[in-house]
Amino acid sequence: MKRSTPITMKDIAEALGVSVATVSRALKDSPRISEERREMIRAYAREHNYIPNLLAESLRSSRVKPLKIIGLILPQFTHFYFSSILSGIEQEAMSRGYIVMVGQSSEQYNREVLLCDRFFEHKVCGVIVSQAKDTQRYDHFQKLIDHGVPLVFYDRICTGIDCSRVVVDDYQGAFNAVTHLINSGCRRIAFYGSPMTLEISKNRYNGYRDALLRHGLKPEDRFFRICDNRADAEAITPNLLAQGDVPDAFFAVNDDTAIGILYTVKRMGYRVPDDISICGFTNGQRAVACDPMLTTVEQRGVQVGEETANILINKVEGLSPMDKVEKKVVRTRLVIRGTTR
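Sequence order as written defines the numbering, with residues in each chain counted from 1. Confidence filtering applies because this is a predicted model: local features only for residues at pLDDT of at least 70, side-chain atom pairs given and counted only at 80 or more, and all residues used for totals across whole chains, interfaces and linings. Calculation of side-chain values draws on the structure's entire complement of heavy atoms; hydrogens and water are dropped beforehand.

Caption draft 1: Spotlight on helix 5 (residues 80-95). Secondary structure elements follow DSSP: runs of H or I no shorter than four residues count as helices, runs of E no shorter than two count as strands, and numbering proceeds from the N terminus. One less than the residue count of a helix, multiplied by 1.5 Å, gives the span that helix is expected to have. Between its first and last C-alpha, helix 5 extends 23 Å over 16 residues, near the 22 Å set by a 1.5 Å rise per residue. After helix 5 finishes, the residue Gly-97 shows a positive phi value of roughly 85 degrees.

Caption draft 2: Region of the structure containing the pattern of salt bridges. The salt bridge definition used is simple: a Lys or Arg side-chain nitrogen within 4 Å of an Asp or Glu carboxyl oxygen. According to the stated counting rule, one finds 28 salt bridges in the structure shown. A salt bridge links Asp-170 to Arg-204; the nearest nitrogen and oxygen atoms lie 2.7 Å apart. Remark: Arg-204 occurs in helix 9 (residues 199-214) and Asp-170 occurs in helix 8 (residues 170-183); sequence separation between them is 34 residues. Residue Glu-199 is joined to Lys-202 by a salt bridge in which the shortest nitrogen-to-oxygen separation is 4.0 Å. Of this pair, Glu-199 and Lys-202 both sit in helix 9, three residues apart, which is roughly one turn of the helix.

Caption draft 3: Quick look at the sheet that holds strand 2 (residues 99-104). A pair of strands is treated as paired once DSSP finds two or more bridges between them. Read from one edge of the open sheet, six strands run 2-1-3-4-5-11, paired in parallel fashion. Across the chains shown, the open sheet's two edge strands, defined by having one partner strand only, are strand 2 and strand 11 (327-330). Within this sheet the neighbouring strands show an average axis-to-axis angle of 20 degrees, counted without direction. Inter-axis angles, ranging from 0 to 180 degrees, are taken between N-to-C directions of lines fitted to C-alpha atoms, where helices are fitted over the stretch in contact.

Caption draft 4: Structural context of unusual backbone geometry. Omega for the bond connecting Val-272 with Pro-273 falls within 30 degrees of zero, at 10 degrees, which places this linkage in the cis form. With respect to the helices, strands and loops of the structure, Pro-273 is situated in the loop between helix 11 (255-267) and strand 9 (277-282). Note that the residue after Asp-291, namely Pro-292, is joined by a cis bond; omega there is -5 degrees. One non-glycine residue with positive phi stands out, namely Glu-107, at about 65 degrees. Residue position: Glu-107 is located in the loop between strand 2 and helix 6 (109-121). Relative accessibility decides the category of a residue: with a 1.4 Å probe and only protein chains considered, values under 20% of the type maximum give buried, values over 50% give exposed, and everything between is partly exposed. Owing to a relative accessible area of 13%, Glu-107 belongs among the buried residues under this scheme. The phi torsion at Lys-123 lies on the positive side, around 55 degrees, for a residue other than glycine. Structurally, the position occupied by Lys-123 is in the loop between helix 6 and strand 3 (126-129). Lys-123 sits in the exposed class, given a relative accessible area of 60%.

Caption draft 5: Expanded view of the pairing of strand 5 (residues 164-168). Within strand 5, five of the five residues are buried, which leaves it mostly tucked inside the rest of the structure. Where burial is concerned, the two faces of strand 5 agree: the one with Ser-164, Val-166 and Val-168 and the one with Arg-165 and Val-167 are both buried. Looking at chain direction, strand 4 (residues 151-154) and strand 5 are connected through three bridges and run parallel. Across the sheet, the residue bridging to Val-152 is Ser-164, located in strand 5. With four bridges joining them, strand 5 and strand 11 adopt parallel strand pairing. Looking across to strand 11, one finds that Val-166 is bridged to Lys-328.

Caption draft 6: Summary view of the pairing of strand 6 (residues 189-193). Of all five residues making up strand 6, five are buried, and the element is well covered by its neighbours. Covered by surrounding structure in strand 6 are Ile-189, Phe-191 and Gly-193 together with Ala-190 and Tyr-192, the residues of both alternating faces. Note that strand 6 and strand 8 (residues 249-252) share four bridges and pair parallel. Across the sheet, the residue bridging to Ile-189 is Ala-249, located in strand 8. In this sheet, strand 7 (residues 224-226) lies alongside strand 6 in parallel orientation, the contact comprising three bridges. Looking at the pairing, Phe-191 lines up with Phe-224 of strand 7.

Caption draft 7: Highlighting the environment of Glu-306. Inspection of the secondary structure assignment puts Glu-306 in helix 12 (residues 301-316). In sequence terms Glu-306 and Leu-86 are 220 residues apart; their C-alpha atoms lie 8.9 Å from each other. Contacts are assigned to residue pairs with any non-hydrogen atoms lying within 4.5 Å of each other. The residues touching Glu-306, leaving out its near neighbours within four places in the chain, are Gly-88, Ile-89, Gln-91 and Glu-92.

Caption draft 8: Quick peek at the sheet that holds strand 7. Pairing in this open sheet of six strands is mixed, and the strands run 7-6-8-9-10-12 from one edge to the other. Whereas interior strands pair on both sides, the edge strands pair on one side only; in this sheet they are strand 7 and strand 12 (333-335). Taken over all neighbouring pairs, the strand axes of this sheet differ in orientation by 20 degrees on average, direction set aside. The pairing of strand 8 with strand 9 spans three bridges and is classified as parallel. By the bridge assignment for strand 9, Ala-249 is matched with Ser-277. Running at roughly 170 degrees to strand 6, helix 9 makes contact with strand 6, strand 7, strand 8 and strand 9 of the sheet. On the sheet, helix 10 (residues 230-241) packs against strand 6, strand 7 and strand 8 and is oriented at approximately 155 degrees with respect to strand 6.

Caption draft 9: Here's a closer look at the side chain of Thr-22. By the element assignment, Thr-22 lies in helix 2 (residues 20-27). If near-sequence neighbours (up to four positions away) are discounted, Thr-22 is found in contact with Ile-33, Arg-37 and Ile-41.

Written as structure tokens, this is what we have:
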């Protein structure tokens, strides 16, 4: 059967039982590889119509700087955190002579796949991505890697691929936030989170759970909801407050959800924070535009963007090995305002 995609150095390495580095050196006629092995690798490459990634080579070795374009996939343009990451990526990229081509997945797997294909067709020199909520298959990411396109994840990482990524300390940020709620006297703390297929959701829930357990409190299913936007928070919260044992605090996966809780709690006659405390996770502009202002975990999106772009560009320019997996964690900060005691 005819192969539908070009063969890569990784394919050659796996077929011949050698490393990718050995294949690369042999194809460049390096004397570090024996003549017999060089010829074996070159013959296999010719037989299977191997085509080198000339763009990546030119970026790494040429003194003449070609057009440098980075592909960036955002789940949502309107989310403050993602827009602040975009700002950080653009700042770092422009300072190093690159421009950014931006696409929005709108939280849809099919759009994400299409964007990866378009970036590859336009021969971007690298791709930065935060995966969509419903992404369960990762072939489109692996295709980029197999064809020598540097790939770096931010925020929502793909655990199915061992790849460089930049995240915030979601677990510790959640742990600190819930610890603050407990220290202020709260005991029945509800958790509103994103789908648990996402690594950030698991990490934030684990931080919430471990803070409760550390203080002798038991996580309860009745206080757990999959809810990560304002509209759903306004729809779900009245039912939770109609239970006999009302939560005395809410910890939300992001600020928009927390603000939806705040609006609903106040509308139903509860006082914030006297009756119910609320904490979010983002520290966007809306956190200081509500009444009372929102206690939240600051994610430092601009720094996340700068770190992500720096890792990618270093790979493109050969300052960092293409196969080196870098994992950066940006520290969060709890910002205490009027929605907690």
